[in-house]
Amino acid sequence: MPPRDSQDAPTPRAGGIAARAQAGAAPARYLAGLNPEQRRAVEALDGPVLVLAGAGTGKTRVLTTRIAHIIATGRARTQEILSVTFTNKAAREMKHRIAMLIGDVAEGMQWLGTFHSISTKLLRRHAELVGLRSDFTILDTDDQIRLMKQVIRAENIDEKRWPARQLAFLIDGWKNRALTPEKVSAGEAASFAGGKGQKLYAAYQERLKTLNACDFGDLLMETIRLFQDNPDILKSYQDRFRYILVDEYQDTNVAQYLWLRLLAQGRRNVCCVGDDDQSIYGWRGAEVDNILRFEHDFPGATVIKLERNYRSTGHILASASHLIANNEGRLGKTLFTDGESGEKVTVTGSWDSEEEARLVAEEIEQLQRKNHSLNEIAILVRASFQMREFEERFVTVGIPYRVIGGPRFYERAEIRDALAYFRCVCQPADDLAFERIVNVPKRGLGDATINVVHEYARGQQIPMIQAVRFIVETEELKPKPRQTLRELVDSIARWASMLDTTPHHELCETILEESGYTAMWKADRSADAAGRLENLKELIRSMQDFENLRAFLEHISLVMEAASGEAEDRVTIMTLHGAKGLEFETVFLPGWEEGLFPHPRALDEQGRAGLEEERRLAYVGITRAKRRAKLYFASNRRIHGMWNATIPSRFVDELPEANVEVTEGAGSGFGGYGRQGGGASRFDQMQPFGASSYNTPGWQRAQKAGTRPGSTGGGFGEAFRGGSAGPQRQPLLIEGELLAKSTGVVSSFTVGARIFHVKFGYGEVSAIDGNKLTVDFDKAGRKMVLESFVQVA
DNA sequence: GGGGGTAAGTTTTTT
DNA sequence: ACTTACCCCC
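Residue numbering note: each chain is counted from 1, following its sequence as written. Here the convention is simple: chains get letters from A, ligands get numbers from 1, in the order in which they are written. In keeping with the model being predicted, local features are shown solely for residues with a pLDDT of at least 70 and side-chain atom pairs are shown and tallied solely at 80 or more, while totals for entire chains, interfaces and linings include all residues. Water and hydrogen atoms play no part in the side-chain values, which are based on all heavy atoms of the structure.

Trainee: An account of the overall build of chain A is requested, with residue identities and associated values reported.
Mentor: A run of H or I in DSSP counts as a helix once it spans at least four residues, and a run of E counts as a strand once it spans at least two, with each numbered from the N terminus. A tally of helices and strands in chain A yields 30 helices and 21 strands. In short, Shrake-Rupley with a 1.4 Å probe defines the accessible areas, and a residue's cover is counted only from the protein chains shown. For chain A, the accessible area works out to roughly 34400 Å², and carbon and sulfur atoms hold 50% of it.

The structure is reproduced here in structure tokens:
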């Protein structure tokens, strides 16, 4: 069992590399371990470069070595290199690895960070040019929604019918595409509140400016605006950044792409690294097309493919490759490995999800007996609700585990409350923070009082805290709330005056004490009150790592994760999305069933593209495994509390027989896949004629497993279903395919037409998109339906 | 202002 | 089936 040549292992620290290479000594040692393609990607410094790096091909190594190379050859200094990642985690990891290569010089990499953190830095420098002050606040999703509620209310729109969440979702989508309110197409803007979408968006943006605030989308959009409106400033940054590097390029959205293109069009020394097969964030605006567009926007770009995989064994790699080959929209890479074939990928069926968890736990215990490190084992699920069953099982049998994801530290109510207090002190214009804490703990300041303050602040165009200072000098409020408010703003002013003289963590502790916030939780007898106080202590503790309160607030507004540094040996439970970029010796992939994976919502909303994205997710899952990939599916799973009979995922069928071993859950008595009526409700609207539950697409697919064009060889479906003598064989029907074909079709319906739908009854067409109709049903409310299931009433 | 009852929404997640 | 958010009433 030879040790795997893991390309992701950092190269040993080599002290004076930079100095030596600069002096023109022998080829630097850091280049030695690279394969020819990797080396080419590192050394192609001039002009645009696109590196298509498959899973496990040493992508991060190329990026970090390239930076080391730029510095070592004296092409640029650390502060002249812009390197962009998506997550803070990735940025941290990259900085760390660069430090391993070139030492402390990496500290000078001040332009290494996420799109958002770099944008923030740029905006703080030039805030006045986009109508902000340099101490602008960054709002998180929660603040965004609260603000949108206010905006919707101000327009006298029914919040019930037009929820702020939905508006937030729309505006987010627009910002992902760098659409300012004026640029939103009329058709899209019409899809909210009967055409008020655009107006609300504009109003929201205006409110943000008054609040001196940005949401996450604005960070990118305002930076783009800054560059577009100020060519001289753009020019100065184009000149400064001699080299630009981008990680995970397949995850960029339109706004990020424009951002990047503006900066890169200067020196054109831009290097993007990505893998179209690992694009799994389309649902939040990522555009794989950006990869395809690269060569168009940067003519003459060098394209380098990294296809040698250093991570997985032959069987695992073959399985993943075969699966992903079912996707149409690919640039097409063929991964290969010189390593051994290793163990086959296993597929195991179980009766239900509980048995699935038991089987996985048993496997883990066996591996444990063979001294397999638990840190090298991961359970990757499609949806987080699957995690609970594994946790329960692991608790009963005593397998240590850690869950990645879940509710995040900075999203907890007590943390957000505390932060709101700190924000009030640091950023006096932060109305959202003020509103959050004005009556927490309870001070007897109800809606009536707040409204008075609100009105006054609006009228005078001043922040609420300032408005309070005026109001308490008037007779407008009753004595009691007046006095309470006065005390509150006096306290805030007092705390603010201590900012420069008191260590910030002490000040914050004082704020929480004096405001009565800690006392509130101490008085609370509910079970989690103690935990909340603990969290607050943790918050105070963690802020000591920062220079001042301002820096701390900046950090957490951009980094919504708390550092967790436990090193014990534990199994990791996480979502497939969370696993991107990671690797484990053994990977368990439970829940490969229709109705869960591919996830129906992805098919509903994105059609064929959604299915392909789900398949890429499956690909990401399998390619996380170095030596063992173990798939599972259950015949019964409880979803939203209801038991559903389920059939294996189509992705199981798409695995190559030669590399996969089918096992059965021991003594499970499983084997029946007949649908006993019921279930499958999501297909109902697709099957208006189908009284029989055997008409569901999933069932049909099960019947014709292995006969799919384009899928080589027989699928495994049969192995589990014991052959099939289904009713009629109808063509594979994906809801998504119907939806996908719908775009561009001219509808025969008109807005305002009365229609009848087989499932939802009578309604009125309110919008048309291809052959998708948005209909306000008399009984069922607003729904998006396919034209083909609708007739004129 | 707090508590209880009802209604709605339950994929993935960063920043 | 379950949680969470909101509304209304006390």
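Trainee: A description of the sheet that holds strand β2 (residues 81-85) should follow, citing residues and the corresponding values.
Mentor: Here a strand pair is declared whenever DSSP counts at least two bridges between the two strands. Reading across from one edge, β3-β2-β6-β7-β1-β8 is the order of the 6 strands in this open sheet, with parallel pairing throughout. Edge positions in the open sheet fall to β3 (112-114) and β8 (302-306), since each of these has one partner strand only. Each adjacent strand pair in this sheet contributes to an overall mean axis angle of 15°, direction not counted. The sheet contact formed by β2 and strand β6 (residues 243-246) spans 4 bridges and is parallel. Among the inter-strand pairings, leucine 82 is bridged to a residue of β6, identified as isoleucine 244. Two residues qualify as a contact provided that any one of their heavy atoms is within 4.5 Å of a heavy atom in the partner residue. Think of each axis as a best-fit line through the C-alpha atoms, taken over the contacting stretch in the case of a helix, with angles from 0 to 180 degrees between the N-to-C directions. Helix α4 (residues 88-102) rests against β2 and β3 of the sheet, and its axis sits at about 165° to β3. Where helix α5 (residues 115-126) meets the sheet, it contacts β2, β3 and β6, and its direction lies at approximately 110° from that of β3.

Trainee: An account of the protein's contact with DNA strand C is requested, with residue identities and associated values reported.
Mentor: Every residue close to DNA strand C is listed here: Lys149, Lys160, His640 and Gly641. Restricting attention to atoms of DNA strand C within 4 Å of the protein, one finds that 56% of them are sugar or phosphate atoms. Polar contact is the term for a pair of N or O atoms within 3.5 Å; when the atoms are in protein, one must be able to donate a hydrogen and the other to accept it, and sequence-neighboring residues count only if both atoms are side-chain atoms. At a separation of 2.9 Å, a phosphate oxygen of DNA strand C approaches a polar side-chain atom of lysine 149. Nearness of a residue to a molecule or strand requires only that one of the residue's heavy atoms be within 4 Å of it.

Trainee: I'd like a rundown of the packing of aromatic side chains, residues and numbers included.
Mentor: Here is the rule: rings of Phe, Tyr and Trp (six-membered ring for Trp) pair when centre to centre is within 6.5 Å. Planes less than 30 degrees apart are stacked, more than 60 are edge-to-face, and the remainder are tilted. If you walk through the whole model with that rule in mind, you get 23 aromatic pairs. Here the aromatic cluster, defined as three or more aromatic residues joined through ring pairs, consists of Trp111, Phe227, Tyr237 and Phe241. Here the basic side chain of lysine 121 rests over the ring of tryptophan 111, its NZ or CZ set 4.8 Å away from the ring centre. Charge-over-ring placement is defined geometrically: NZ (Lys) or CZ (Arg) within 6 Å of the ring centre, and within 35 degrees of the ring normal.

Trainee: I'd love a proper account of the pairing of β6, names of residues and values included.
Mentor: Burial of β6 is two-sided: the residues Tyr243 and Leu245 facing one way and the residues Ile244 and Val246 facing the other way are all buried. The sheet contact formed by β6 and strand β7 (residues 270-274) spans 3 bridges and is parallel. The residue bridging valine 246 from the neighbouring strand is cysteine 272, located in β7. By convention a crossover is right-handed if, when the strands point away from the viewer, the path from the first strand over the helix to the second runs clockwise. A crossover links β6 with its parallel partner β7, the connecting element being helix α12 (residues 254-264), and its sense is right-handed. Relative accessibility decides the category of a residue: with a 1.4 Å probe and only protein chains considered, values under 20% of the type maximum give buried, values over 50% give exposed, and everything between is partly exposed.

Trainee: Tell me about the environment of glutamine 79, and please be specific about residues and values.
Mentor: Among the structural elements, glutamine 79 can be located in the loop between α3 (59-72) and β2. As a C-alpha pair, glutamine 79 and lysine 626 span 547 residues in sequence and 37 Å in three-dimensional space. When near neighbours in sequence (up to four residues on either side) are disregarded, glutamine 79 contacts Gly108, Gln110, Trp111 and Arg240. Of note is the side chain of glutamine 79, whose polar atom sits 3.1 Å from the side chain of threonine 78.

Trainee: Just give me the short version of the environment of alanine 203, but keep the residues and values in it.
Mentor: Tracing the backbone shows alanine 203 in helix α9 (residues 197-210). According to the relative accessible area criterion, alanine 203 is partly exposed, its value standing at 23%. In this structure, the C-alpha to C-alpha distance between alanine 203 and glycine 621, residues 418 residues apart in sequence, is 43 Å.

Trainee: Which residues make up the pattern of salt bridges, and what values do they have?
Mentor: If the charged atoms of two oppositely charged side chains come close together, the side chains can form a pair. Should a side-chain nitrogen of Lys or Arg be within 4 Å of a carboxyl oxygen of Asp or Glu, the pair is scored as a salt bridge. Per the counting criterion, the structure on display carries 58 salt bridges. We note a salt bridge from arginine 146 to aspartate 143, for which the minimum N-O separation is 2.8 Å. Of this pair, arginine 146 and aspartate 143 are both found in helix α6 (residues 141-154), 3 residues apart, which corresponds to roughly one turn of the helix. For arginine 146, a relative accessible area of 23% gives the class partly exposed.

Trainee: Report on the protein's contact with DNA strand B, specifying residues and quantitative values.
Mentor: Close contacts around DNA strand B come from 24 residues, with Asn88, Arg382, Ser384, Lys442 and Thr575 the closest. Here DNA strand B approaches the protein such that, of its atoms within 4 Å, sugar and phosphate make up 59%. A distance of 2.4 Å separates a phosphate oxygen of DNA strand B from a polar atom in the side chain of threonine 575. Between a base oxygen of DNA strand B and a side-chain N or O atom of histidine 577, the distance comes to 3.4 Å. Split by residue class, the surface near DNA strand B holds 7 nonpolar, 11 polar and 6 charged. All amino acids are sorted into three groups, where Ala, Val, Leu, Ile, Met, Phe, Trp, Tyr, Cys and Pro are nonpolar, Asp, Glu, Lys and Arg are charged, and the leftover types, Gly among them, are polar.

Trainee: Before we move on, can you summarise helix α15 (residues 353-369) with the specific residues and values?
Mentor: Helix span is expected to be 1.5 Å times the residue number reduced by one. Between the first and last C-alpha of α15 there are 25 Å, a value that for 17 residues agrees with the 24 Å anticipated at 1.5 Å per step. If you check which residues of α15 are buried, you get Ser353, Glu355, Glu356, Ala357, Leu359, Val360, Ala361, Ile364 and Leu367. Once α15 ends, the next one or two residues include asparagine 371, with phi positive near 65°.

Trainee: Give a description of helix α7 (residues 164-176) that names residues and reports values.
Mentor: Each α-helix turn comprises 3.6 residues. Residues three or four places apart therefore point the same way. Taking 1.5 Å per residue, 13 residues should reach 18 Å; α7 reaches 18 Å between its end C-alpha atoms and fits that length. Listed in full, the buried residues belonging to α7 are Ala164, Leu167, Ala168, Leu170, Ile171, Trp174, Lys175 and Asn176. The inward-facing, buried residues of α7 contact α6, α8 (186-189), α9, α10 (216-229) and α12. A positive backbone phi angle near 60° is found at alanine 178, which sits one or two residues after α7.

Trainee: Describe the side chain of asparagine 35, listing the residues and the values that go with them.
Mentor: Topologically, asparagine 35 is positioned in the loop between α1 (17-22) and α2 (36-43). Judged by its relative accessible area of 9%, asparagine 35 is buried. Separated by 3.1 Å, the side chain of asparagine 35 and the backbone nitrogen of glutamate 37 make a polar contact. Excluding residues that lie within four positions of it along the chain, asparagine 35 makes contacts with Arg308 and Tyr310.

Trainee: A description of the nonpolar core should follow, citing residues and the corresponding values.
Mentor: Throughout, nonpolar core names a set of buried Ala, Val, Leu, Ile, Met, Phe, Trp, Tyr and Cys residues whose side chains join them through atoms within 4.5 Å. One finds Leu82, Phe227, Ile244, Tyr249, Trp259 and Leu263 to be the most contacted residues of the largest nonpolar core, which totals 70 residues. Ranked by residue count, the leading element in this core is α12, at 7 residues. Residue contacts for tryptophan 259: discarding those within four places in its chain leaves Leu82, Val84, Phe115, Ile118, Ser119, Leu122, Leu220, Thr223 and Ile224. Residues Val453, Ala457, Ala467 and Cys508 belong to the second largest nonpolar core, which totals 50 residues.

Trainee: Residue-level account of the side chain of serine 279, with values.
Mentor: On the secondary structure map, serine 279 appears in the loop between β7 and α13 (289-297). Aside from chain neighbours lying at most four places away, what touches serine 279 is Gln250, Asp251, Val288, Glu613 and Arg616.

Trainee: Give me the lowdown on the state of the cysteines, citing residues and values where you can.
Mentor: Joining two cysteines, a disulfide is a covalent bond between their sulfur atoms. The criterion for a disulfide is a pair of cysteine sulfur atoms lying within 2.5 Å. Counted according to the given criterion, the structure contains 0 disulfides. We note that cysteine 214 lacks a disulfide partner, and the nearest cysteine sulfur, in cysteine 426, lies 17 Å from it. Here cysteine 271 is not cross-linked by a disulfide; its sulfur's nearest cysteine counterpart is in cysteine 272, at 6.8 Å.

Trainee: Got a sec to walk through the pairing of strand β15 (residues 642-645)? Specific residues and values, please.
Mentor: Put simply, side chains in a regular strand alternate between the two faces of the sheet. Where strand β14 (residues 625-639) lies against β15, 4 bridges are found, and the strand directions are antiparallel. Considered in β15, the bridge of arginine 638 is made with tryptophan 643. Counting the residues between successive antiparallel strands, the hairpin from β14 to β15 contains 2 residues, one of them, histidine 640, with a positive phi of roughly 55°.

Trainee: An account of unusual backbone geometry is needed here, citing residue identities and associated values.
Mentor: Look at the link from valine 440 to proline 441: it is a cis peptide, with omega at -5°. Note that proline 441 resides in the loop between α18 (431-437) and α19 (447-460). Looking along the chain, the bond that leaves phenylalanine 597 and enters proline 598 is cis, with omega of 10°. Within the fold, proline 598 resides in the loop between β13 (584-589) and α26 (600-623). Located in the positive-phi region is asparagine 156, a residue other than glycine, with phi close to 60°. Its identity as a non-glycine residue notwithstanding, histidine 640 has a phi of 55°, on the positive side. Looking at the element boundaries, histidine 640 is found in the loop between β14 and β15. Given the relative accessible area of 80%, histidine 640 is considered exposed.

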